[in-house]
Amino acid sequence: MIQSSELILNPDGSVYHLNLKPEHIANDIIFVGDQNRVEKITQFFDSIEFSTQKREFKTQTGIFKGKRITVMSTGIGPDNIDIVVNELDALVNINLETRQPKEELTSLNIIRIGTSGSLQKDIPVDSFVMSKYGLGLDNMLRSYKIDRITEEALGEAFLLHTNWDIRKGKPYVVRCSEKLEKLIESDRIFKGITATAGGFYGPQGRVLRLEIQDPELNNKMDNFNFNDNRITNLEMETAAIYGLSALLGHNALSLNAIIANRASGTFSEDPYKAVDELIAYALDKLANNS
């Protein structure tokens, strides 16, 4: 039995951080970082059956073209992803009354929809990027046994290319769900490696008043290539989502609307349009997936 200190429940029986019960979520789940973006997605729904919020975790479940879908905000960073994915898994794969894992496990479909800047000149603003691989520069996932899910050759090539300082922890690489990749892919979507940092400033090469360990890291990432896979963008969630989902048996895919191109110095004239188009595209693909 899983002890109360390990799986914490609220007095009403909901999981601690998300404030959710099993009946509140669908098997198809969309992640967004910003709680204000939840309703930018659910505004397209035919109906909303459930809505709640605790801290930065806002959840709405409803129907879109006959498909039951949950939209949830995760907040920022791998530490929040650790909370969200583990508690979602508990909702479907642990009996919360007996505190025992279920014999028959459920696999969730998790799609992250976000915005990002492109690192590559040929990936223009207003395009979409699919993260074929998540490259974790954080250390959160290494608290788990991850050897069976990681792409070791790609990870080692990145270490060598960047002359990575191992004192920062060893990066890891996890592939997206092939099932969701086939469902979502199109000619408009670029594929590549999404690097996931453990912070916003120094970990992403931003310098304010503090000197950073490797000022050339971003340039090294820009020209990294492994079997024609390049690092397309840098953010703070994808690799953690991929890693925990793979370990727990869920399908995960990360999509970004490109609103800026760092290589060319351009920014979208209408970034909201690009995001809305990506939302509509992902929703239609999910709705048509029986």
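This section reports on the structure supplied with the text. Residue indices begin from 1 for each chain and proceed along its sequence in written order. Reporting in this predicted model follows two pLDDT cut-offs: at least 70 for local features of residues, and 80 or more for side-chain atom pairs to be given and counted; totals over whole chains, interfaces and linings ignore these cut-offs and use all residues. Side-chain figures throughout are based on the complete set of non-hydrogen atoms in the structure, without hydrogens or water.

### Describing the overall build of the chain
Okay, so step 1: Secondary structure elements follow DSSP: runs of H or I no shorter than four residues count as helices, runs of E no shorter than two count as strands, and numbering proceeds from the N terminus. Secondary structure summary: the chain contains seven helices and 14 strands in total.
Okay, so step 2: Computed over C-alpha atoms, the radius of gyration of the chain comes to 19 Å, within 12% of the 19 Å expected from 2.2 N^0.38 for 290 residues, which places it in the range of a compact globule.
Okay, so step 3: Between buried and exposed lies partly exposed: a residue is buried under 20% and exposed over 50% of the maximum accessible area for its type, with that area taken using a 1.4 Å probe on protein chains only. Taken across its 290 residues, the chain has 53% of its residues classed as buried.
Okay, so step 4: Nonlocal contacts in the chain, meaning residues at least 24 apart in sequence, comprise 76% of its contacts between residues at least 6 apart.
Okay, so step 5: Using the Shrake-Rupley algorithm and a 1.4 Å probe, accessible areas are obtained, with residue cover drawn only from the displayed protein chains. For the chain, the exposed area adds up to about 13,700 Å²; of that, 48% sits on carbon and sulfur atoms.
Okay, so step 6: Averaging the coordinates of the 32 positive side-chain charges in the chain and doing the same for the 40 negative ones gives two points 1 Å apart. We take the radius of gyration over the C-alpha atoms and set the globule estimate at 2.2 Å times the residue count to the 0.38 power. Pairs of residues are marked as contacts when any of their non-hydrogen atoms sit within 4.5 Å. Charge assignment: positive for Lys and Arg, negative for Asp and Glu; neither His nor the chain ends contribute. Lys charges are placed at NZ, Arg charges at CZ, Asp charges at CG and Glu charges at CD.

### So, unusual backbone geometry
Okay, so step 1: One non-glycine residue, Arg55, lies in the positive phi region at around 55°.
Okay, so step 2: Secondary-structure assignment places Arg55 in the loop between strand 2 (47-54) and strand 3 (57-64).
Okay, so step 3: Taking relative accessible area as the criterion, Arg55 reaches 53% and is therefore assigned exposed.
Okay, so step 4: At Asn163, a position not held by glycine, the phi torsion is positive, near 50°.
Okay, so step 5: With respect to the secondary-structure elements, Asn163 resides in the loop between helix 3 (152-162) and strand 9 (172-175).

### Overview of the packing of aromatic side chains
Okay, so step 1: Note on ring pairs: Phe, Tyr and Trp rings are taken, using the six-membered ring of Trp, and paired if centres are within 6.5 Å. Classes follow the plane angle, with under 30 degrees stacked, over 60 edge-to-face and the rest tilted. Using the criterion set out here, one finds four aromatic pairs in the structure.
Okay, so step 2: Here the aromatic rings of Phe45 and Phe64 are separated by 6.3 Å at their centres, their planes lie at 45°, and the arrangement is tilted. With a gap of 19 residues between them, Phe45 in the loop between helix 1 (38-42) and strand 2 and Phe64 in strand 3 connect regions that are remote in the sequence. In this structure, Phe45 and Phe64 share a single accessibility class: buried.
Okay, so step 3: Measuring from ring centre to ring centre gives 5.8 Å for Phe158 and Trp164, while their planes differ by 50°; the resulting arrangement is tilted.
Okay, so step 4: Aromatic ring contacts, followed pair by pair, group Phe158, Trp164 and Phe224 into a single cluster.
Okay, so step 5: For a ring to carry a charge above it, either NZ of a lysine or CZ of an arginine must fall within 6 Å of the ring centroid while also lying within 35 degrees of the normal to the ring plane. Sitting over the face of the ring of Phe200, Arg206 holds its NZ or CZ atom 3.9 Å from the ring centroid.

### Thoughts on a negative patch on the surface
Okay, so step 1: Patch definition: residues above 30% relative accessible area lacking any salt bridge, with like charges linked at up to 9 Å and the nonpolar side chains Val, Leu, Ile, Met, Phe, Trp and Tyr linked at up to 5 Å. Counted as salt bridges are all cases of a side-chain nitrogen of Lys or Arg within 4 Å of a carboxyl oxygen of Asp or Glu. On the surface, a cluster of negative charge is made up of Asp126, Glu269, Asp270 and Asp276.
Okay, so step 2: Here Glu269 shows up in the loop between strand 14 (266-267) and helix 7 (271-287).

### What to know about a nonpolar patch on the surface
Okay, so step 1: Residues Phe200, Tyr201 and Leu208 make up a contiguous nonpolar surface patch of about 350 Å² in total accessible area.
Okay, so step 2: A relative accessible area of 64% means that Leu208 is categorised as exposed.

### Focus on the pairing of strand 7 (residues 109-118)
A regular strand carries its side chains on alternate faces of the sheet.
Okay, so step 1: Most of strand 7 sits out of view: eight of its ten residues are buried.
Okay, so step 2: Pairs of strands are assigned from DSSP output, requiring at least two bridges between the strands. Summarising the sheet, strand 7 and strand 13 (residues 251-261) pair through ten bridges and their orientation is parallel. Bridge assignment links Ile110 to a residue of strand 13, and that residue is Ala252.

### Some points on the environment of Ile29
Okay, so step 1: As for its position among the elements, Ile29 is in strand 1 (residues 28-32).
Okay, so step 2: Residue classification places Ile29 among the buried positions, given a relative accessible area of 0%.
Okay, so step 3: Expressed as a C-alpha distance, the spacing of Ile29 and Gln60, which sit 31 residues apart in the sequence, is 9.9 Å.

### Digging into the environment of Tyr272
Okay, so step 1: Inspection of the secondary structure puts Tyr272 in helix 7.
Okay, so step 2: Given the relative accessible area of 60%, Tyr272 is considered exposed.
Okay, so step 3: Along the backbone, Tyr272 and Asn256 are 16 residues apart, and their C-alpha atoms lie at a distance of 12 Å.

Purely spatial values, then, with no claim about function.
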